[in-house]
Amino acid sequence: MGNYNYVDIVCDVPTVGDKAFTYKVPKHCILPYGAKVHVPFGKRNVDGYIVDQGVPEPEFEVKDVLAVYDLDFLPPRPLLDFGLVLRDYYLATISSFWGYMWPPQVRKIKIATEGPITSYDTFDQTEKPSRRERESVTKHEELFIQGSHSFRWKMYQDAIEKAISAGFSVLVLVPEIARASIVEEELQSMYDREVVAVVHSDMSNVARRQQWLDIKQGKKRIVVGTRSAVFNPVRDLGLIIVDEEESPYYKAEEYPRYNGRTVARMRGRYQDCPVLLGSFVPSVVANFNLKEGKIRGVTEGFPAKENIDCQIVSLLGQKKRMLITKELHLAIGETFRDGNRALLFLNKRGTASSLVCRDCGNPIFCPRCSVPMAYHAREGQVVCHTCGYREVAPTNCPICDGFTWKPVGYGIDRARSEFQKRFPNVPVFQLDKDVKESTEEAIEGFISSKPSCLICTQVIFSVKNLPDLGVLGVLSADNILNLPDYLASEEVFRLLNKLLSLVNSSENGSHIAQKKQFIVQTLNPDHHAIQGVLDPEHFYAVETENRKALRYPPFGYVMKVTVSGKSQEKVIAASESLAAAIKSYSGGISVLGPSPAPKAKVRGQYRWHIMIKSNDQILAREVLKESLSTIKDGQVRVYVDLEEPFSLS
Ligand SMILES: [Zn+2]
Ligand SMILES: [Zn+2]
Ligand SMILES: [Zn+2]
């Protein structure tokens, strides 16, 4: 009696949510609010966080805290409090957001059951009076900068300069790791190398922990990183920059599916510091808000690209099954004659999308997912691009025992063989998730040969040092355009512009005298997303009208709920009762579904979707939150995606 302190802990166990459990620690050890601990939970040990330090001794027997994570890495209190704001906004758990705020693989320290008094609570949790408080010149405000790379960065640099010289720190978010490294180098050339930190998931855990400490202690005053860098304990934060705000890479792939851009804006509000958002082609929502004056902005517009010739080539009426049209062939040939390089883009991996039995018409499905497997001719394998499962392509059909197969659809491997037939003497390199040769090898080969060709998927955006391009050909983007999702058009528009910037970015110090060529092959030549390459304003005008008619963002909110589990019956039952609960709130909310997700089974888990549309975001969140609490079945998991969810994922 009296030998223990009692603490309340939320465990990182999704099914129990934020329910706190009481544990005990020896009297001599005092653990602070937010401390990350290791505790027994049921039959296993899990991580958890202290949410209450001094609770009265309970009537019942409680378990011991086993270990505490090195408290040097305890996030500052304001950041922990901000985590609670995010938890509420994303209808998530405390653990999910506090987890992001710790660096990876922090040392665990076992709690000694007896010994001298060890207070773990001695370190300085409140920030010392900082330069920030003395000067207190910044206030939260948002400014949107629309313009070319050089236009935006000129403005960013002015703002960074101002913040740094006033004694503040700066957080710069970019969508991809490749961009982070480039920006880091640029900033290091302008400021003391020592104060610039880059943070992304490709760094070693040791480096990330050291970086984290340096940032917390204020040694690093300019922090550049990808989306999760937004959770860094930046000291005296005085400016946040989110570049390429429209990028889907800001959205977390795992749950809670936060958007780094949204978190950055919320953090700016929470910590009362200015936020700069920038883009050449803003998201449809941002573009609307800019035009309507709902956000302050500076716009450069879309200056004509004098050094690039953009061409849209219709595939309508073209000879079937040719991936390279006559127009593209001519442009590539011309580029090669001048000794320049070509890049061909196709976002489909493998040789064919699927293998279909000629006798019974059934494709080969992944045994774990409800998706047909792609065919890879070179390896003679069928591969599931959802879960990675692969096997030797079967000789006989598992359904009818037939033995003739028809490849349906095409992929990057087929584009490569077609290219090699047309240009047998030009070295070609391939870049996609499936290719064994590493990214660096492919890029080095592409750079060191001239002429040369690179055939790639979206992996290209992770490449840092792309050489000058004479021609960039988009073999097709129709597969995205045809997706039945309100975001499909915006995604194609964004993707094409991002590709266009690859041709454009090599403008500095370019050795190519002739005009560069950007060619898009498509079955939808008049579609506004395709035409948007030539005229972005046209894209925004048409897309905004379409969204308005259907009450999609920015004219309404869309949320997605995914219910998943091993038992199909339980998943269906839970999604039906959840949908019914949401529908029971009359007015202002419309519910689509429940229906099987487009990938109705992934890795053996059945998945059902419910889409929610509303004009009132706050109401919809409240209703969803209430309805979620009606799910009692521990064998199904419910995931919510609250910001511009892609309905097909
Ligand atoms: Zn593949
Ligand atoms: Zn068959
Ligand atoms: Zn699979």
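Residues numbered from 1 in each chain as written. Chains lettered and ligands numbered in written order. Predicted model: local features only at pLDDT ≥ 70, side-chain atom pairs only at ≥ 80, totals over all residues. Heavy atoms only, no water.

1. Things to note about the environment of Ala573
Then comes step 1: If you trace the backbone, Ala573 turns up in helix H16 (residues 568-583).
Then comes step 2: For Ala573 and Val636, which are 63 residues apart along the polypeptide, the C-alpha to C-alpha distance reads 9.9 Å. (Helix = DSSP H or I, 4+ residues; strand = E, 2+ residues; numbered from the N terminus.)

2. Here's the deal with the confidence of the model for the protein
Then comes step 1: Of all residues in the protein, 93% have pLDDT values of 70 or greater, and the mean over the chain is 89.
Then comes step 2: Counted against residues more than four places away or in other chains, residues 121-129, with its pLDDT under 50, gives 18 contacts. (pLDDT = per-residue confidence, 0-100. Contact = heavy atoms within 4.5 Å.)

3. Points about the coordination of the zinc ion (ligand 2)
Then comes step 1: Around the zinc ion (ligand 2), the donor atoms from the protein are Cys357 (SG), Cys360 (SG), Cys397 (SG) and Cys400 (SG), and they sit 2.3 to 2.4 Å away.
Then comes step 2: Along the chain, the residues donating to the zinc ion (ligand 2) are arranged with the sequence spacing C-x2-C-x36-C-x2-C. With a gap of 37 residues between them, Cys360 in the loop between strand S18 (354-357) and strand S19 (374-376) and Cys397 in the loop between strand S21 (390-392) and strand S22 (405-408) connect regions that are remote in the sequence.
Then comes step 3: By relative accessible area, Cys397 is classed as buried at 4%. (Donors = N, O, S within 2.8 Å, 3.2 Å for Na, K, Ca; no water. Buried < 20%, exposed > 50% of the residue type's maximum accessible area, 1.4 Å probe, protein only.)

4. Notes on the sheet that holds strand S23 (residues 428-431)
Then comes step 1: Read from one edge of the open sheet, six strands run S16-S26-S25-S17-S24-S23, paired in parallel fashion. Only two strands of the sheet have a single neighbouring strand rather than two, namely strand S16 (308-314) and S23. On average, each strand axis in the sheet is tilted by 15° relative to the strand beside it, whichever way the strands run.
Then comes step 2: With five bridges connecting them, strand S17 (residues 341-346) and strand S25 (residues 471-476) associate as parallel partners. Paired with Ala342 across the two strands is Val471, which belongs to S25. (Pairing = 2+ DSSP bridges. Axes fitted to C-alpha atoms, helices over the stretch in contact; angles between N-to-C directions.)

5. What about the domain arrangement of the protein?
Then comes step 1: Along its sequence, the protein is organised into domain 1 (4-119), domain 2 (131-299), domain 3 (308-350 + 411-548) and domain 4 (557-641).
Then comes step 2: Each partner contributes to the interface: domain 2 provides 19 residues, whereas domain 3 provides 17 residues.
Then comes step 3: A buried area of about 1400 Å², summed over both sides, lies between domain 2 and domain 3, and 58% of it is on carbon and sulfur atoms.
Then comes step 4: Together, Ala178, Val281 and Val284 form the three largest contributors to the area buried by domain 2 at its contact with domain 3, with a combined 36%.
Then comes step 5: Where domain 2 packs against domain 3, one counts four salt bridges. (Domains from an automatic or database assignment. Buried area = accessible area lost by both parts, 1.4 Å probe. Salt bridge = Lys/Arg side-chain N within 4 Å of Asp/Glu carboxyl O.)

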